[in-house]
Amino acid sequence: MANISSASELIPHLTMGSEWRRTGFLAIGRHFLTGVRVAFKSYMEIGGLSAIIFAATKDIFYTIALALTLTLMFILCQAIMKYWFFRFRITDHHIEILSGIFHRKHLNLPFGQIQQISIEQPAYYKFFGNYVDAFLDSAGTKKNEVEISALPGDVAALIRLKAEDAKSCDVNPIQNSVDARSPESKILLRQNHSSLLLYGVLQNKLLWFVAILFGFFEKIKMAIPKLLEVYPVEMGLIEKKIPAHINDEIGLAVVLVAFAICVFLAISSVLAWVQHFSFTLYKTADGFMSVQGLLRKVETHAKKRKVQWVVIKRNSIERMLGRQNVNIEQFGSSLEAPCLTGIQCNDLLNSVMPGHSQLNGNFKRVSPLYLVKQLLTVCLPILLLAGAFASVGEVTQNVTILVYFTLALGFGFAVFFFLQWYRRGFFEDNEYFYIRKGRLIEKTYIIPKYKLQAASISQSWFMKRNGLSTCTLFFANGRFKLPYIGSDKGSSIVASGFEAVQTVNTSWV
Amino acid sequence: MSAEIAPEEKAYINALFSFSTLPVAFKLSNQILIMGAFVGLWMSALMGLRFVSEADTVIGRYLLEFFCQWAWLIWVSYASFRWFADDHVCYRVLKHEVSLKKGWITNQLITTPVKRIQHIEVNQGLIDQFFQHGELKILSAGHCLKIRGLPVSEAENIRLELLAIINGEKNG
């Protein structure tokens, strides 16, 4: 705590915790300029105001002048009120903000939770003294939690000092980044060109579909016109106006479009290879770093303490070939290792998530009632709709197509939900949660338990009768829903996560 | 969430609030009043502007029928549902976690560990200020726990207690 007291000694008059202070008068100017920018982006409101004035006066110049004047006056009043109703105070441990006119907000931001401080000084501030704009960001929301305009420079310095002091009191302070090429770093894996080319091809599943169709393009080109003769699309006037020979040209157009798609996908596959060219993953003193790219070298850093989870992604073709893509996701960004073999993947996981369990065969599926519920709520109404179409009136060509289309849609949804249920699985050990999900692309998440931010358990009357519940786990990078799991299991998952939060003495970020 | 409550936490619960005794104070929330005002405004506008009687179109007749006959019913149904559902909302502040229990048809229990709290807000809209109640927001990374309809004094007390717990943990 020596550092905090030194900050207090430096600027003692600013740390009297009971006094509320206002920002400088310059804040009115800042709010005014912001309001003008926002107002003129919102042309709908100004357009509406102008329309009302024009309807009354029938004079365009008078309308513009009056609309502009009224808008600027409103913005100025708003800026003054925003300045008047904004107050802050700094205590030993947090900064408090009181703001809002009609919607009042009282915010407490502990210094230890401030992730980022940005201090800016617009050019016109310099004429009025040492004033700055401060933006304080924690992990609570995506945008800045606190924006203070026209803050005296010494107050901004004090806030920065207190935030830095609070961070230095952490049990595990942030270590300095180490260059990947320094002696402390070592190469974790290096990807060869064949793997990267394979990755580029495997990512474009449509390419596979179109490539398979290539063998049948001639037959498709001949079949489409015949199909249109047997099943002409009843488009009223259009059918009467289109000549018969156009059906042949439709077939040719389909082939040409498919060929263009093929060429485009081939180019994008090569581009993917170029993007990941010479991919090398280093293990540094405080985390990981990847270097890749042919035309543009890209370095991505991932500090170990900021890593939120690891996700292993693979589609059905990659599963057949024994390949997977691993993403190391940290708070705010991610690092991707493409097209790894099984051994490479295991080595990487052992480095990033040491002590993790074997993934194969351990996942428990959620209750089949989850699948039943989705089929009943989505597919059953579609089925009934198809039945309604089939039973109404005269059976025409269009009605038949509609019935088949509706049935196909229902069947598609059923397959979709089945895959979703089949893939969804979870288990846990002492240190990690393991969650698997996805439909066409299987994703497996390995998440340290102590990264848990919040949890929710919900139970409908149907779930209660069957001893089930839905457990949702919230992390900094996202949330995971475990639907229709046993009530006891859900409670134990949450309890074990919270226990890890209390016992593991490592910062989550 | 804790199966066994430590003695110091029992005193804490008695001193603060428990699940069974204190639902949120004000059940008729902003949303219901604003929605009612919106419906009333549209009904007045349609009647006052004589939109239907002068235009007498199919759409005009449909709009009038909808807003006069059904909108108030939707509003009353929604207000009644919220009245009963909000009776089931209650919260708990412990040394290590904050929990909110809500839901009428589907029960939901949301918990945030105190260690993961990023910052705390107490918000008051215009109608909230009139009735002296507000919304307590407890933000962690990736989640926001909202307790609506609290008296402002209660919300401030909880805010101060949570800050004291957070600072107490930091001081060891």
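Residues numbered from 1 in each chain as written. Chains lettered and ligands numbered in written order. Predicted model: local features only at pLDDT ≥ 70, side-chain atom pairs only at ≥ 80, totals over all residues. Heavy atoms only, no water.

Q: Honestly, the overall build of chain B in this entry has me stumped. Any pointers?
A: Check the secondary structure of chain B and you find six helices and six strands. Counted from the first residue to the last, chain B has its helices and strands arranged as α-α-α-α-β-β-β-β-α-β-β-α. Considering chain B as a whole, with its 172 residues, one finds that 44% of them fall into the buried category. (Helix = DSSP H or I, 4+ residues; strand = E, 2+ residues; numbered from the N terminus. Buried < 20%, exposed > 50% of the residue type's maximum accessible area, 1.4 Å probe, protein only.)

Q: Would you mind going over the interface of chain B and chain A with me for this structure?
A: Frequently, the measure chosen for interface size is the accessible area removed from exposure when the parts meet. With 36 residues of chain B at the interface, the matching set in chain A holds 45 residues. Approximately 3500 Å² of surface area, both sides summed, lies buried where chain B meets chain A, with 49% of it carried by carbon and sulfur atoms. When residues of chain B are sorted by the area they lose upon contact with chain A, Lys115(B), Arg116(B) and Gln118(B) head the list and together hold 20% of the total. Arg159(B) is the partner of Glu96(A) in a salt bridge, and the nearest nitrogen-oxygen pair spans 3.5 Å. Within the residue set of the side of chain B that touches chain A, elements represented by two or more residues are β3 (106-113), β4 (117-124), α5 (126-131), β5 (133-140) and α6 (152-170) of chain B. Here the residues of the side of chain B that touches chain A are counted per class, giving twelve nonpolar, 17 polar and seven charged. In the sheet, strand β18 (residues 454-460) of chain A pairs with β3(B) via six bridges, with the strands oriented antiparallel. (Contact = heavy atoms within 4.5 Å. Buried area = accessible area lost by both parts, 1.4 Å probe. Salt bridge = Lys/Arg side-chain N within 4 Å of Asp/Glu carboxyl O. Nonpolar A, V, L, I, M, F, W, Y, C, P; charged D, E, K, R; others polar. Pairing = 2+ DSSP bridges.)

Q: Would you mind showing me how to read a nonpolar patch on the surface here?
A: A grouping of Phe40(A), Phe54(A), Ile60(A), Phe61(A), Ile64(A), Leu68(A) and Leu72(A) is seen on the molecular surface, where their side chains present a nonpolar patch of about 660 Å² in accessible area. Along the chain, Leu68(A) turns up in helix α4 (residues 60-84). (Patch = residues over 30% accessible without salt bridge, like charges linked within 9 Å, V, L, I, M, F, W, Y side chains within 5 Å. Areas by Shrake-Rupley, 256 points an atom, 1.4 Å probe, with all protein chains shown as cover.)

Q: Would you take a moment to explain the sheet that holds strand β13 (residues 333-340) of chain A for this structure?
A: Strand pairs in the sheet, formed through backbone hydrogen bonds, run parallel or antiparallel to each other. Residue and element names in this part refer to chain A. Here we have seven strands laid out as an open sheet, ordered β13-β12-β11-β17-β16-β15-β14, and antiparallel in their pairing. The open sheet has two free edges, formed respectively by β13 and β14 (364-365), since each of these has just one partner strand. Relative to strand β17 (residues 441-448), strand β11 (residues 307-315) runs antiparallel, the two being bridged by six bridges. Residue pairing across strands places Val 310 opposite Ile 446, the latter belonging to β17. Seen against the sheet, helix α16 (residues 487-503) touches β15 (425-428) and β16 (432-437) and runs at an angle of roughly 50 degrees to β15. (Axes fitted to C-alpha atoms, helices over the stretch in contact; angles between N-to-C directions.)

Q: Hey, could you run me through the sheet that holds strand β5 (residues 131-137) of chain A in this one?
A: Residues and elements named next belong to chain A. Pairing within the open sheet is antiparallel, and its three strands lie in the order β4-β5-β6. Sheet topology places β4 (116-120) and β6 (146-152) at the edges, where each strand pairs with a single neighbour. Adjacent strand axes in the sheet meet at a mean angle of 20 degrees, parallel and antiparallel pairs treated alike.

Q: Even after reading the chapter, I still don't get helix α12 (residues 342-352) of chain A, so can you show me in this structure?
A: For the α-helix, the turn length of 3.6 residues means that residues three or four positions removed from each other point alike. Buried within α12(A) we find Cys345(A), Leu348(A), Leu349(A), Ser351(A) and Val352(A). The buried residues of α12(A) occupy an angular sector of 160 degrees when projected down its axis, which confines them to one face. (Arc of directions from axis to C-beta.)

Q: What's the story with the environment of Gln502(A) in this structure? I'm lost.
A: As for its placement among the helices and strands, Gln502(A) is situated in helix α16. For Gln502(A), a relative accessible area of 30% corresponds to the partly exposed category. Along the primary structure Gln502(A) and Gln292(A) are separated by 210 residues, whereas in three dimensions their C-alpha atoms are 39 Å apart. Once you skip the residues sitting within four places of it in the chain, Gln502(A) turns out to touch His96(B), Pro113(B) and Lys115(B). Here the side chain of Gln502(A) touches His96(B) through a polar contact of 3.2 Å, side chain to side chain. (Polar contact = N/O pair within 3.5 Å; in protein donor to acceptor, adjacent residues only side chain to side chain.)

Q: Explain unusual backbone geometry to me, please; I cannot follow it from the model alone.
A: Phi is mostly negative for residues that are not glycine, and the peptide bonds are mostly trans. All names here are of chain A. One non-glycine residue, Ser 278, lies in positive phi territory at about 55 degrees. Positive phi outside glycine occurs at Tyr 484, with the angle close to 55 degrees. Relative to the helices and strands, Tyr 484 resides in strand β20 (residues 478-486). Taking the relative accessible area as the measure of exposure, Tyr 484 reaches 6% and is therefore buried.

Q: Looking at this structure, I do not really get the environment of Thr111(B). What am I missing?
A: Residues and elements named next belong to chain B. Position of Thr 111 relative to the elements: it lies in strand β3. In the structure, Thr 111 is positioned 14 residues away from Glu 97 in sequence and 6.6 Å away in space, judged by C-alpha atoms. Reaching out from Thr 111, the side chain makes a polar contact with the side chain of Ser 99 at a distance of 3.3 Å.

Q: Honestly, the nonpolar core in this entry has me stumped. Any pointers?
A: For soluble globular proteins, the rule of thumb is that nonpolar side chains tend to be buried together. Ile447(A), Leu473(A), Phe475(A) and Ile493(A) are the most contacted members of the largest nonpolar core, which totals 29 residues. Formed by 28 residues, the second largest nonpolar core is a distinct cluster that contains Val326(A), Ala337(A), Leu349(A) and Tyr434(A). (Core = buried A, V, L, I, M, F, W, Y, C linked by side-chain atoms within 4.5 Å.)

Q: Teacher, can you tell me more about the side chain of His356(A) here?
A: Residues and elements named next belong to chain A. Of note, His 356 is situated in the loop between α12 and β14. Looking at His 356, the relative accessible area reads 13%, which means it is buried. In terms of polar contacts, His 356 uses its side chain to reach the backbone carbonyl oxygen of Met 353, at 3.1 Å. Residues contacting His 356, with those up to four places away along its chain left out, are Leu 349, Asn 350, Asp 429, Tyr 432, Tyr 434 and Ile 446.

Q: Honestly, the confidence of the model for chain B in this entry has me stumped. Any pointers?
A: The predicted coordinates should not be examined in detail at positions where pLDDT is low. Summarising the model, chain B shows a mean pLDDT of 69, and 55% of its residues fall at 70 or more. Low confidence marks residues 1-28 of chain B, where pLDDT is under 50. Its contacts with residues over four positions away, or in another chain, come to 57 contacts. (pLDDT = per-residue confidence, 0-100.)

Q: When you look at α16(A) in this model, what are you seeing that I'm missing?
A: With 17 residues, α16(A) should reach 24 Å at 1.5 Å per residue; the first-to-last C-alpha distance of 24 Å fits that figure. Looking only at α16(A), the buried set comprises Ser487(A), Gly490(A), Ile493(A), Val494(A), Ser496(A), Gly497(A), Phe498(A), Ala500(A) and Val501(A). (Expected span 1.5 Å × (residues − 1).)

Q: Help me understand the confidence of the model for chain A, please; the structure alone is not making it clear to me.
A: Mean pLDDT for chain A: 79, with 80% of residues reaching 70 or above. Across residues 168-180 of chain A, where pLDDT falls below 50, the model places 25 contacts with residues more than four positions away in sequence or in other chains.

Q: Quick question: what am I supposed to make of the pairing of β16(A) here?
A: Look at any regular strand and the pattern is simple: side chains alternate between the two faces of the sheet. All names here are of chain A. Along β16, five of the six residues are buried, which leaves the element largely enclosed by surrounding structure. Across four bridges, the pairing between β15 and β16 is antiparallel. Bridged to Phe 427 within β16 is Tyr 434. Between β15 and β16, which pair antiparallel one after the other, the connecting turn spans three residues.

Q: I'm lost on the packing of aromatic side chains in this one. Help?
A: Any two aromatic rings considered together are summarised by their centre-to-centre distance and by the angle between their planes. Residues and elements named next belong to chain A. Taken as a whole and judged by the stated rule, the model has 16 aromatic pairs over all chains. For the pair Trp 309 and Tyr 445, a centre-to-centre distance of 5.6 Å together with 90 degrees between the ring planes defines the contact as edge-to-face. Highlighted residues: Trp 309 in strand β11 and Tyr 445 in strand β17, separated in sequence by 136 residues. On the basis of relative accessible area, Tyr 445 is assigned to the buried category, the value being 10%. Ring plane angle 65 degrees and centroid distance 5.0 Å describe the contact between Trp 309 and Phe 480, whose orientation is recorded as edge-to-face. Taken together, the positions of Trp 309 in strand β11 and Phe 480 in strand β20 put the pair 171 residues apart, joining distant regions of the chain. Grouping residues by exposure puts Trp 309 and Phe 480 together as buried. In this structure an aromatic cluster arises from ring pairing among Trp 309, Phe 433, Tyr 445, Phe 475 and Phe 480. The ring of Trp 20 carries the charged tip of Arg 87 above its face, separated from the ring centre by 5.9 Å. Lying across the ring of Tyr 422, Arg 365 places its NZ or CZ 4.0 Å from the centre. (Phe/Tyr/Trp six-rings, centres within 6.5 Å; stacked < 30°, edge-to-face > 60°. Lys NZ or Arg CZ within 6 Å of the ring centre and 35° of its normal.)

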